[in-house]
Amino acid sequence: MIFKQGKYMRKIVLILIFTLFAFESLLAVPAKQTPITITQPDGRVLTYILKGDEVVSWCESSDGYTLLANSEGVLCYAMLDKDKNLVSSGVVACNREERNVKDLLFLKSIDKKLFYSDKQMEKFAKIRQSMFGSAE
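Rules used throughout
Residues numbered from 1 in each chain as written. Predicted model: local features only at pLDDT ≥ 70, side-chain atom pairs only at ≥ 80, totals over all residues. Heavy atoms only, no water. Core = buried A, V, L, I, M, F, W, Y, C linked by side-chain atoms within 4.5 Å. Buried < 20%, exposed > 50% of the residue type's maximum accessible area, 1.4 Å probe, protein only. Helix = DSSP H or I, 4+ residues; strand = E, 2+ residues; numbered from the N terminus. Contact = heavy atoms within 4.5 Å. Expected span 1.5 Å × (residues − 1). Arc of directions from axis to C-beta. Pairing = 2+ DSSP bridges. Axes fitted to C-alpha atoms, helices over the stretch in contact; angles between N-to-C directions.

A. A look at the nonpolar core. Among the nonpolar cores identified, the biggest contains 13 residues, and Leu67 and Tyr77 are the most heavily contacted of them. Only β2 (45–52), β5 (75–80) and α2 (101–107) provide two or more residues apiece to this core. Once you skip the residues sitting within four places of it in the chain, leucine 67 turns out to touch Leu46, Tyr48, Trp58, Cys59, Glu60, Ser61, Leu75, Cys76, Tyr77, Ala78 and Ala93.

B. Highlighting helix α3 (residues 118–132). Over its 15 residues, α3 extends 20 Å from the first C-alpha to the last, a length consistent with the 21 Å expected when each residue adds 1.5 Å. Buried residues of α3: Gln120, Phe124, Arg128 and Phe132, and no others. Take α3 and look down its axis: the buried residues cluster within an arc of 90°, on one side only. Across α3 from its buried face, at more than 90 degrees, point the exposed residues Asp118, Lys119, Glu122, Lys123, Lys126 and Ser130. Backbone geometry just downstream of α3 places glycine 133 in the positive-phi region, at approximately 80°.

C. Seen up close, the sheet that holds β2. Reading across from one edge, β1-β2-β3-β4-β5-β6 is the order of the six strands in this open sheet, with antiparallel pairing throughout. At either margin of the open sheet sits one strand with a lone partner, and together these are β1 (36–39) and β6 (86–92). Going from strand to strand, the sheet's axes swing by 50° on average, the running direction of each strand aside. Taken together, the four bridges between β1 and β2 define a ladder with antiparallel strand orientation. Looking at the pairing, threonine 39 lines up with valine 45 of β2.

Without other data, these values stay purely geometric and don't point to any function.
Right, here's the structure in full:
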């Protein structure tokens, strides 16, 4: 009888663990990977994909440059500052065919697919902790 109770208890524990993982994964919803096209304030067009979830998010141009909004909410190319943190460069992003010489020169100075620093990710983990009660 004790053996059967242990067997059932294991099943219950496994079901509970599975349920917790399933529930937790519902909390942080990944961004939809559908291209979005907008017209920037300067009149140029930008197609990008939203990346991340509701805590850690960024955008990526169709040719792989990381994008962040500036203080006015305009999508700009991202760059790494002196502390290796991901920040907006202030250079307004646009599609490849609309880039001018200034844009091209700037893009030669940065890498594609940049990402947040470990320090920034620690801050995001704290935000996630306060929102969801766990750091994923």
